[in-house]
Every structure is written in structure tokens, then in C-alpha cells.
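Each chain is listed here by its residues.
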Amino acid sequence: DLVRPLLRDDAALPGIDRETAGRMLAGLSEGLIYGGVVEPRVPGPALFKGALFGSVEYAVHPFGGLSSLLGSHTPQRKIPFLGHLLEDLDGDDRAYLEHLVFGIALALIYESSPSSKGMRPDDE
């Protein structure tokens, strides 16, 4: 939501209303799927994994998204409170480019974290 105006060549900053908060929670749900399912299992560089994730999420969005298709394999379904909070969220009708940019951003964020390199705070 914060990057969307840049992608659509619109200088206006979005407000955080109920709809925006819902999209942000949907993004949180997608981030959990990426970090819990995709990142540890899909080999390759972060850019590839992010582009793949964004593309697949875009392709399966009409069927409920990856959260719906992966069901109990997603992190949010393993934590009851979180599962209920993030249940039935719709990531709205984002364009393919928005899915792609979001997936790549997720991958780059996960790749830059020390835990993605197998490091723990006491290892540094």
C-alpha cells in the first residue's frame, strides 16, 4: 500500500483506513507463507524465490490464494489465534506487477536477516 502510488505514478500517500489495514493484514499473511513455506523449501537466489512467490500468488488469487491452497501447511493455520485473525482476508485486486514487487521485497527482506544465513544472535 505504501509503494502502490509509486507504481501507479500517483503522488498521493494512502491513508490507513479499515480497507488499508485489511490489505496490510493480508500482506502479513502472505509474508508468513513466504517465510514459513517458500523460503526454507525453494532453492535459489532471493530474487528468483520472490518472483516465483509473487507470480504464483497472483496466479492462484482467484482460488483463494496460497493460504487457501496450502491450508494447514501455512504458519497462520498452526496458531489458532493468528489463523482466525487472518482468515478470509482478501489481498484485493492487485496487478501482477504489485504481486511481483511484493514477492521480491519479501524475499530480499528474508535474505537480509541473519537467521536466513543460519546465524543466531550469540553466533555474531
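Residues numbered from 1 in each chain as written. Predicted model: local features only at pLDDT ≥ 70, side-chain atom pairs only at ≥ 80, totals over all residues. Heavy atoms only, no water.

### Quick notes on the overall build of the protein chain
Worth spelling out the cut-off: Helical segments are the DSSP runs of H or I of at least four residues, strand segments are the runs of E of at least two, and each set is numbered from the N terminus. Burial classes: relative accessible area under 20% of the type maximum marks a residue as buried, over 50% as exposed, and values in between as partly exposed (1.4 Å probe, protein chains only). Whether two residues are in contact is decided by their heavy atoms, any of which lying within 4.5 Å being enough. Methods summary: accessible areas were calculated by the Shrake-Rupley approach with a probe of 1.4 Å, and residue burial reflects only the protein chains presented.
On a plain count of helices and strands, the protein chain comes out with seven helices and zero strands. Reading the helices (α) and strands (β) of the protein chain from amino to carboxyl end gives α-α-α-α-α-α-α. By residue count, 32% of the 124 residues in the protein chain fall in the buried class. When contacts within the protein chain are restricted to residue pairs at least 6 apart in sequence, those whose partners lie at least 24 apart make up 64%. Total accessible area on the protein chain stands at roughly 7900 Å², and carbon and sulfur atoms take up 63% of it.

### Points about the environment of Ala46
With respect to the helices, strands and loops of the structure, Ala46 is situated in helix α3 (residues 46-60). Taking relative accessible area as the criterion, Ala46 reaches 8% and is therefore assigned buried. Distance in space between the C-alpha atoms of Ala46 and Ala105 is 9.2 Å, their sequence separation being 59 residues. With sequence-adjacent residues up to four places away left out, Ala46 is seen in contact with Ala107, Leu108 and Glu111.

### Regarding helix α2 (residues 18-41)
This is how the line gets drawn: For a helix, the expected span equals 1.5 Å multiplied by the residue count minus one. Two axes define the bend at a residue: one fitted to the seven residues ending there, one fitted to the seven starting there, and the bend is the angle between them.
Compared with an ideal rise of 1.5 Å per residue, which puts 24 residues at 34 Å, α2 spans 34 Å between its outermost C-alpha atoms and is within 8% of the ideal. The sharpest bend along α2 reaches about 35° and sits at Tyr34.

### Points about the packing of aromatic side chains
This is how the line gets drawn: Note on ring pairs: Phe, Tyr and Trp rings are taken, using the six-membered ring of Trp, and paired if centres are within 6.5 Å. Classes follow the plane angle, with under 30 degrees stacked, over 60 edge-to-face and the rest tilted.
Per the stated rule, a full pass over the model turns up three aromatic pairs. Aromatic side chains Tyr34 and Tyr110 sit 5.4 Å apart centroid to centroid with 55° between the ring planes, which places their arrangement in the tilted category. With Tyr34 in helix α2 and Tyr110 in helix α7 (residues 96-112), this pair connects stretches of sequence that are 76 residues apart. Here the aromatic residues Tyr34, Phe53 and Tyr110 are joined through ring pairs into a cluster of three or more.

### Observations concerning the packing of α3 against α7
To be explicit about the condition: Helix axes use the C-alpha atoms of the stretch in contact, all axes being lines fitted to C-alpha atoms, and the angles between their N-to-C directions lie in the range 0 to 180 degrees. For classification purposes, an angle smaller than 35 degrees is called roughly parallel, one larger than 145 roughly antiparallel, one from 65 to 115 roughly perpendicular, and anything else oblique. By definition, any crossing whose near helix is turned counterclockwise from its far helix by less than a right angle is left-handed, and any crossing with a clockwise turn is right-handed. Only Asp, Glu, Lys and Arg are considered charged, only Ala, Val, Leu, Ile, Met, Phe, Trp, Tyr, Cys and Pro nonpolar, and every remaining residue, Gly among them, polar.
It is the contact of α3 with α7, at a shortest axis distance of 7 Å, that shows an interaxial angle of 140°. Accordingly, the angle class assigned to the pair α3 and α7 is oblique. Helix-helix and strand crossings are classified by hand; for α3 and α7 the assignment is right-handed. Judged by residue contacts, Ala46, Leu47, Gly50, Ala51, Phe53, Gly54, Ser55, Glu57 and Tyr58 of α3 engage Tyr96, His99, Leu100, Gly103, Ile104, Leu106, Ala107, Leu108 and Glu111 from α7. Here the contact of α3 with α7 is composed, by residue class, of eleven nonpolar, five polar and two charged.

### Examining the nonpolar core
Formally: To define a nonpolar core, start from buried Ala, Val, Leu, Ile, Met, Phe, Trp, Tyr and Cys residues and group those joined through side-chain atoms within 4.5 Å.
One finds Ile33, Tyr34, Val37, Val38, Ala46, Phe53, Val60, Leu66, Leu106 and Ala107 forming the largest nonpolar core, which totals ten residues. Elements with a minimum of two residues in this core: α2, α3 and α7. Looking at which element gives the most residues to this core, the answer is α2, with four residues.

### Remarks on the pattern of salt bridges
To keep things clear, this is the line we draw: In the sections that follow, a salt bridge refers to a side-chain nitrogen of Lys or Arg positioned within 4 Å of a carboxyl oxygen of Asp or Glu.
This model, assessed by the stated rule, comprises one salt bridge. Across the pair Glu39 and Lys49 runs a salt bridge, and its minimum N-O distance is 3.7 Å. Pair noted here: Glu39 is in helix α2 and Lys49 is in helix α3, with a separation of ten residues, a long-range link. Among the residues examined, Glu39 registers a relative accessible area of 17% and is labelled buried. Lys49 sits in the buried class, given a relative accessible area of 6%.

None of the figures reported here should be taken as evidence of function without further support.
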